[in-house]
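Residues per chain are reported as follows:
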Amino acid sequence: MSATCVIGLQWGDEAKGKIVDFLTEQNEIVVRYQGGANAGHTIVFDGQKFKLSLIPSGIFRPQVQCIVANGVVINPASILQEITQLTANGIHIGSNLMISDRAHVIFPWHFEEDRLMNNMGIRSEAIGTTMRGIGPCYRDKVGRSLAIRFGDMFRSDFREKVEGIVAAKNRYLPALASDALKDTVPPLNATEIYQQYSEYANKLRPFLADTTNYLLDAVDAGKAILFEGAQGALLDIDHGTFPYVTSSNSSGVGVSSGSGVPASFIKRMIGIVKAYTTRVGGGPFPTELNNELGQKIRDRGNEYGTVTKRPRRCGWFDAVAVRYTSRLSGVTELSLMLLDVLSTFDEIKVCTAYELDGKYIEYFPSNVDDLSRVKPVYETLPGWADDISSINSFNNLPENARKYIARLSEIIKIPVRIVSVGPSREQTIVCP
Ligand code: GDP
Ligand code: IMO
Ligand code: MG
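In this text, all values refer to a predicted model and were calculated from it rather than measured experimentally. Residue positions are counted from 1 within each chain, in the order its sequence is given. Written order decides the labels, with chains lettered from A and ligands numbered from 1. Local features in this predicted model are restricted to residues of pLDDT 70 or higher, and side-chain atom pairs are both shown and tallied only at a pLDDT of 80 or more, whereas totals for entire chains, interfaces and linings draw on every residue. Side-chain metrics rest on all non-hydrogen atoms present in the structure, leaving aside hydrogens and water.

Asker: Quick question: what am I supposed to make of the site of ligand 1 here?
Answerer: Around ligand 1 sit 18 residues in total, of which K16, G40, T42, D340 and S420 are the nearest. Identification of polar contacts relies on pairs of N or O atoms within 3.5 Å, with a donor-acceptor requirement for protein atoms, meaning one able to donate a hydrogen and the other able to accept it, and with residues adjacent in sequence counted only if both atoms are side-chain atoms. Here D13 contributes a side-chain N or O atom positioned 3.0 Å from an oxygen atom of ligand 1. Contact distances for ligand 1 include 2.5 Å between an oxygen atom and a side-chain N or O atom of S420. To be clear on the numbers: accessible area is Shrake-Rupley with a 1.4 Å probe, and residue cover counts the displayed protein chains and nothing else. Across the complex, the protein chains shield 92% of the 590 Å² of accessible surface that ligand 1 would expose by itself. Going along the chain from the N terminus, every DSSP run of H or I of four or more residues is numbered as a helix, and every run of E of two or more is numbered as a strand. Looking at the shell around ligand 1, the elements that each hand over two or more residues are α1 (16-23) and β3 (41-45). Looking at the shell around ligand 1 element by element, the count peaks at 3 residues for α1. Nearness here has a simple test: a residue counts as near a molecule or strand if at least one of its heavy atoms is within 4 Å of that partner.

This is the structure:
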């Protein structure tokens, strides 16, 4: 048995959670391996709606082992809140959840750094982070000296570690504050933080595990493993629209480092795409529609952030970007999501190339300044009027919807295997 991976190929919110939940039936283990509570994955079934940030979207099937692996950054308050909410809704959480002792922990100083560094930097446009302390925690992980891993919270020198880091951060944070913010940085209290985090640790102790070894054993035992990507490949720290990215490898390249499972074991890479494009936060977006068409997509798709509630920026499908991210992630098949949102548009555009400084290009530029200058070259396809949200077979989709799917698949050179026509489990069409 080999592993399957679900990767967003745009700027996040492609409906990865829905597909992970859909595929969970065929898998024994579901693994989150990067990102943190910046993610917001929505799962809808039996008329209920759940939003998960840290807990894998496999949690709704009790026989499935859910793993938060080493590459995730954990906000203990946030995961505890999710556990409480899920439990209150009758979802069983016990030994079916494991949290890696190697995962790094988000502390109050990380939130402070996220806040203080917003709008700071060499560019006029802010990154527009989710303010969940993600970048600062990954920065400390790579920096090593001021980092605390989940397993460290259960060791005898935890208090000493917190005190040492708080002393350093109390020197560092005020220096980071701009003039306007310098009176807003009260010193951190090591004792309070230690006590608070010891309480979290006590509650989270049952989930502590060496997930790397667990997964390597599962690989040896031939178990079916599903990896749940967070964010999208265009937000990848190395290969995305840097610096308007998140701080982890959110494309397919991150699976192995984030979980410890060798890349050679992952045979099925499912690229998740919306039938159009959205982005939350700053950074270039070549096919963005700052007009009534963009607003129509936002209204029909209810495009407001799951985590921050910010209105999502909306635009046409960018096949140049998706061709790039699908190759980068080694995608073997596509799931095309939110197709129902495009019903009632007279015509639908797909960006098939860019024009950069008068030159026609088919590649995705590596530099955001170049990307911000590209003009999309569009191909126009006819739309369809009918509501498709209750259609349950591919052949019953309107002809123009089928043509749209076929054309995307042709441009990206990857087959579309799943089409989604609504948020619920049942509104999922498996292509012939
Ligand atoms: P994720 O972060 O990739 O898991 O995606 P989000 O949950 O942030 O955003 C996807 C949104 O689209 C959620 O509100 C889903 O309930 C909703 N959704 C998922 N699939 C469909 C679909 O096919 N059609 C419509 N209209 N909504 C969908
Ligand atoms: P899911 O898993 C959409 C964006 C933020 C910001 C940038 C950096 O639900 O698809 P960060 O807080 O990570 O430092 O913010 O990345 N971002 C997301 N956008 N979906 C997400 O997750 C995102 N996680 C981060 O808006 O532009
Ligand atoms: Mg989301």
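Asker: Looking at this structure, I do not really get the coordination of the magnesium ion (ligand 3). What am I missing?
Answerer: Between any two of four tetrahedral donors, the ideal angle at the metal is 109.5 degrees; between two of six octahedral donors, it is 90 or 180 degrees. Think of the donor list as every N, O and S atom within 2.8 Å of the metal, or within 3.2 Å for Na, K and Ca; water never makes the list, so a site can look incomplete. Around the magnesium ion (ligand 3), the protein contributes the donor atoms D13 (OD) and G40 (O), which lie 2.1 to 2.2 Å from the metal centre. Pair noted here: D13 is in the loop between β1 (3-8) and α1 and G40 is in the loop between β2 (29-32) and β3, with a separation of 27 residues, a long-range link.

Asker: For this particular structure, what's the right way to read the packing of aromatic side chains?
Answerer: For any two aromatic rings, the description comes down to two numbers: the centre-to-centre distance and the angle of the planes. The pairing test for Phe, Tyr and Trp rings, Trp by its six-membered ring, is centres within 6.5 Å, and the orientation test on the planes gives stacked under 30 degrees, edge-to-face over 60, and tilted for anything in between. Scanning the entire structure with this criterion turns up 14 aromatic pairs. When the ring of F50 is compared with that of F60, the centres are 4.7 Å apart and the planes differ by 40°; the resulting orientation is tilted. With F50 in strand β4 (residues 48-52) and F60 in the loop between β4 and β5 (65-68), this pair connects stretches of sequence that are 10 residues apart. Residues F158 and Y194 carry aromatic rings whose centres are separated by 5.6 Å and whose planes lie at 50° to one another, so their mutual orientation is tilted. With F158 in helix α5 (residues 158-176) and Y194 in helix α6 (residues 190-204), the pair connects residues that are 36 residues apart, well separated along the chain.

Asker: Teacher, can you tell me more about the environment of A201 here?
Answerer: Summarising the element assignment, A201 is placed in helix α6. A sequence separation of 49 residues divides A201 from D152, and the C-alpha atoms of the two residues are 9.8 Å apart. Any two residues whose heavy atoms approach within 4.5 Å at even a single point are treated as in contact. Those residues in contact with A201 that sit more than four places away from it in its chain are M153 and F154.

Asker: Where do I start with helix α7 (residues 211-220) in this structure?
Answerer: Along an α-helix, a turn takes 3.6 residues, which lines up residues three or four apart on a common side. For every residue, the accessible area obtained with a 1.4 Å probe (protein chains only) is divided by the maximum for its type, and the residue is called buried under 20%, exposed over 50%, and partly exposed between those limits. Within the span of α7, buried status applies to T211, T212, L215, A218 and V219. One side of α7 carries all its buried residues, which in axial view fall inside an arc of 125°. Buried positions along α7 lie against β2, β5, β7 (97-100), β9 (208-209), β10 (225-228) and α8 (254-259). A side-chain oxygen of the first residue of α7 lies 3.3 Å from the backbone nitrogen of T212; this N-cap is D210. One or two residues past the end of α7 sits G222, with phi positive at roughly 70°. The arc refers to the directions leading from the helix axis to the C-beta atoms.

Asker: Quick question: what am I supposed to make of the nonpolar core here?
Answerer: Generally speaking, a soluble globular protein has its nonpolar side chains buried in company with each other. By nonpolar core is meant a set of buried Ala, Val, Leu, Ile, Met, Phe, Trp, Tyr and Cys residues that side-chain atoms within 4.5 Å join together. Counting residues in each nonpolar core, the largest one holds 116 residues, and the members touching the most others are I225, F227, L339 and Y404. Apart from the residues within four sequence positions on either side, Y404 is in contact with A275, F317, L339, L342, I348, V350, L381 and W384. Residues V320, A321, C351 and Y354 belong to the second largest nonpolar core, which totals 13 residues.

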